[in-house]
Amino acid sequence: MGIKSVAVHSDVDSNALHARMADEAVCVGTAPSRDSYLRIDRILDAIKATGAQAVHPGYGFLSENREFAKALKENGVTFIGPPPRAIEAMGDKIESKLIAKNAKVNTIPGFDGVVKDVDEAVKIANDIGYPVMIKASAGGGGKGMRIAWNDNDTREGFRFSSQEAASSFGDDRLLIEKFIDNPRHIEIQVLLDQHGNGVFLNERECSIQRRNQKVIEEAPSTFLDPETRAAMGEQALALATAVGYFSAGTVEFLVDSQKNFYFLEMNTRLQVEHPITECITGVDLVREMIRVAAGYKLPFKQSDIPIDGWAVECRVYAEDPFKSFGLPSTGRLRQYKEPLHVPGVRVDTGVVEGSEISVYYDPMICKLVTHSKNRTDALNNMKDALDSYVIRGVNHNVSLLRDVLRNQDFIKGNITTKFLYEKYPDGFCGTTLNDTQRNELIAGACYIYLKKMLQSQNYLNSKSQIDLLQQSTSWNLTIVLGDVSYNVATRFDKNNLILDINGMKVTMKSQSSFGSPVLEADINGNKVTMQTISHKQHDIKIQHCGTVFNPVVYTQKEADYVALMPEKPKIDLSPFLSSPMPGVLFSVACEVGQQVSEGEELAVIEAMKMQNSLFAGKSGKVKKVFFKPGDSVGENDVILEIE
């Protein structure tokens, strides 16, 4: 568009990608967002210093802050977003619900006022009837939200929701409404100009969530028919019109199994998942936001908005998916390579190789998007993209994303917001390989092991283990996967590795460089993409179908010796209460000498503005407390010990 840009950043983000890409960059404070990205005065100073004429607020921080929009207007600067009054009205869940009712928008039954205290919360919940949703009036992004199934849940939910709301939004007001069980979360993208014109740009299916935060989105939804889509779009536009809205915005709905839909909230900003809407409509939402802010009319009408193919977005986070479907991980991206070779892929990211994932901000690495002519192709391309996406240095959730994509209910479109909790009732434990995938993993492990041995022979001329290989054209190996051992006869035939795995023949051919982290191969006629995470003599780590496995490779003689080794005793860690993630210790509910019971809440950790309870692993007396509220803790730091 020929517009020069200025990026604002905190001191720890001085080398962030957005700061590098902009024409100018201005530091507005230190790492904590309250001292930088949330400082309206410092952002105004940056505007004055650079002569900026307009501000696009992005996705978070001040993007839905009425005072920021007002301050810009008072200083003669254009806010690329809706008017302050619309931000205020839609940002308050209580007021927005009343406006929605008056605009004839379907709403969820509930209490329309502010809940004063925990006792009133319990009374209101009983009046509405369980289950209920407790949520922050000024909230968004899944923060300050709890589902309550009984009075105890309500009391606990009121406490956590009010604390999270105060921490995230500076507003601890809560509302309570009926929780729609087994719903879909479907949202409508709207775009309106300042001349009374508006369109809806179809829907986004956002039902794959954990802790009320989206993980996978797609457009369009497999569930909506044209009539329901039109009805939802018309109600979304009616709501936007009722508050004098212009710019891009999103109206979120809960949709039940009968296609009844209910207004949830309106996000008065660009959504994280906007790329999938751009893919299927061809509309550049950011460009149109800028044009609308400059006073231009929309260049299209509703009949011009298409549904062109299918788009899927996976939110790739620096998280450990084996802990509550994703607790934050920090560290430096020591190796990072995006899968840009996959057809129809789009990678929206703020990181590069060497970037630091810190405790201060959202742990998202990227929005990985695939767009194709139909859903099947889009999903297959997403699998290929995830398989070849190289991320080293932090934990990440690729394993969970990849496993969801292969789930048959997801493939059929049979999903609700409870999908993850129903499919993984005991939490996510990694992908379970079928026989074919297991043999692919074993073939990959043997290939890496033998290639490394042959390479060592060629370059080091070692006389230790290489003696095994010097005169051999075939090798009998034992592969240990978990508690199971597999006898594998292997031999090279030109460029092919031929394997006999417990009587099953497998042929593997690969042209991948041994030094490449990505191992692409043809295995029994199937294209397979794996990643070599590490290989240290016998111990090999391979990422396959998203999950990292640890096959151990022995020669037959070595395997015989290993079988005679005693097992290491397991260490009882139940006396130690450890932090599952880096964060800040919000509270400690016990002291030295206090008697505690197994399952009792002992501490609360706050990370990325979300609070997480930690519970006693055993009954006993508190022996030591190593941290106090307000202290920073790292992953696996021991907070207290029980004897």
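Relevant structure appears above.
In this text the structure is predicted, and so the values were computed from the model without any measurement. (Residues numbered from 1 in each chain as written. Predicted model: local features only at pLDDT ≥ 70, side-chain atom pairs only at ≥ 80, totals over all residues. Heavy atoms only, no water.)

1. Some details on the nonpolar core
Thinking step 1. Formed by 38 residues in total, the largest nonpolar core has its most connected members in I216, I365 and L368.
Thinking step 2. Here I365 is in contact with V316, Y317, A318, Y336, T349, G350, V351, Y389, I391, V394 and H396, once residues within four sequence places are set aside.
Thinking step 3. In terms of nonpolar packing, the next biggest core, distinct from the first, is built from 32 residues, L433, A443, V506 and L519 among them. (Core = buried A, V, L, I, M, F, W, Y, C linked by side-chain atoms within 4.5 Å. Buried < 20%, exposed > 50% of the residue type's maximum accessible area, 1.4 Å probe, protein only. Contact = heavy atoms within 4.5 Å.)

2. Points about the sheet that holds strand β33 (residues 583-588)
Thinking step 1. Spatially, the four strands line up as an open sheet ordered β36-β35-β33-β38, and their pairing is antiparallel. Where the open sheet ends on each side, the last strands, each with one partner, are β36 (610-615) and β38 (632-633).
Thinking step 2. Of the pairings in the sheet, the one linking β33 to β38 comprises two bridges and is antiparallel in character. Of the residues in β38, the one forming a bridge with V584 is S632. (Pairing = 2+ DSSP bridges. Helix = DSSP H or I, 4+ residues; strand = E, 2+ residues; numbered from the N terminus.)

3. Details of the side chain of E252
Thinking step 1. Within the secondary structure, E252 is located in strand β12 (residues 247-255).
Thinking step 2. A distance of 2.7 Å separates polar atoms of two side chains, one belonging to E252 and the other to N267.
Thinking step 3. Not counting chain neighbours up to four residues away, the residues in contact with E252 comprise H185, I186, E187, K214, Y262, F263, L264, E265, N267 and Q271. (Polar contact = N/O pair within 3.5 Å; in protein donor to acceptor, adjacent residues only side chain to side chain.)

4. A word on the pattern of salt bridges
Once their charged atoms are close, side chains differing in charge can pair, the charge on each being opposite to the other.
Thinking step 1. Taken as a whole, this structure holds 38 salt bridges when the rule is applied.
Thinking step 2. R85 is the salt-bridge partner of E95, the closest N and O atoms lying 2.5 Å from each other. Pair noted here: E95 is in helix α5 (residues 93-102) and R85 is in helix α4 (residues 84-91), with a separation of 10 residues, a long-range link.
Thinking step 3. Classification of E95 as partly exposed rests on a relative accessible area of 24%.
Thinking step 4. Residue R85 is classed as partly exposed on the basis of its relative accessible area of 44%. (Salt bridge = Lys/Arg side-chain N within 4 Å of Asp/Glu carboxyl O.)

5. Things to note about the layout of surface pockets
Thinking step 1. Space inside the second largest pocket adds up to approximately 480 Å³.
Thinking step 2. Residue lining of the second largest pocket: 17 residues in total, with V480, G482, S485, Y554 and V562 positioned closest to the centre.
Thinking step 3. Of all elements in the fold, only β23 (474-481), β24 (484-493), β31 (552-555) and α17 (556-562) reach the threshold of two or more residues within the lining of the second largest pocket.
Thinking step 4. By residue class, the composition of the lining of the second largest pocket is nine nonpolar, six polar and two charged. (1 Å grid on protein atoms, 1.4 Å probe; cavity = no way out; pocket = protein on both sides within 12 Å on 5 of 7 lines; lining within 4 Å. Points joined across faces, edges and corners; volume = space filled by probe spheres on them. Nonpolar A, V, L, I, M, F, W, Y, C, P; charged D, E, K, R; others polar.)

6. Section: empty space enclosed by the protein
Thinking step 1. Applying the stated criterion across every chain, the model contains two cavities of 30 Å³ or more.
Thinking step 2. There is about 70 Å³ of room inside the largest cavity.
Thinking step 3. In this structure, the largest cavity is lined by Y447, I448, S512, S513, F514, S516, V518, L519, T532 and H535.
Thinking step 4. Secondary structure elements with two or more residues in the lining of the largest cavity: α15 (435-460), β27 (518-523) and β28 (526-536).
Thinking step 5. The residue makeup of the lining of the largest cavity, split by class, is five nonpolar, five polar and no charged.
Thinking step 6. Estimated volume of the second largest cavity: approximately 60 Å³.
Thinking step 7. Lining the second largest cavity are K93, S96, K97, I108, K135, L175, E177, F263 and L264.

7. What about the pairing of strand β9 (residues 184-192)?
Thinking step 1. In terms of residue burial, β9 counts as a mostly covered element, since nine of its nine residues are buried.
Thinking step 2. Burial along β9 is two-sided: R184, I186, I188, V190 and L192 and H185, E187, Q189 and L191, pointing in opposite directions, are all buried.
Thinking step 3. In this sheet, β12 lies alongside β9 in antiparallel orientation, the contact comprising nine bridges. Residue L192 lies in a different strand from β12, and its bridge partner there is S247.
Thinking step 4. Taken together, the six bridges between β9 and strand β10 (residues 198-210) define a ladder with antiparallel strand orientation. Paired with L192 across the bridge in β10 is G198.
Thinking step 5. Between β9 and β10, which pair antiparallel in sequence order, lie five residues; one of them, G196, sits at a positive phi of approximately 85°.

8. Notes on the pairing of strand β26 (residues 504-509)
Thinking step 1. Bridging between strand β25 (residues 496-501) and β26 involves six bridges; their strand directions are antiparallel. In the strand pairing of β26, I498 is matched with T507.
Thinking step 2. A loop of two residues connects β25 with β26, the two strands running antiparallel in sequence, and N502 in this loop sits at a positive phi of about 50°.
Thinking step 3. Where β26 lies against β27, two bridges are found, and the strand directions are antiparallel. What sits directly across from K509, in β27, is D522.

9. Brief notes about unusual backbone geometry
The phi angle of most residues is negative, glycine excepted, and most peptide bonds adopt the trans form.
Thinking step 1. The omega angle of the peptide bond from Y130 to P131 is 0°, so this bond is cis rather than trans.
Thinking step 2. A219 connects to P220 through a cis peptide bond whose omega is 0°.
Thinking step 3. Along the chain, P220 turns up in the loop between β11 (213-219) and α8 (226-242).
Thinking step 4. The phi dihedral of F61 falls on the positive side, at around 50°, and the residue is not glycine.
Thinking step 5. Tracing the chain through its elements places F61 in the loop between β3 (54-55) and α3 (66-74).
Thinking step 6. With a phi angle near 65°, F325 is a residue other than glycine that sits in the positive phi range.
Thinking step 7. Looking at the element boundaries, F325 is found in the loop between β15 (319-320) and β16 (327-328).
Thinking step 8. Since its relative accessible area comes to 6%, F325 is described here as buried.

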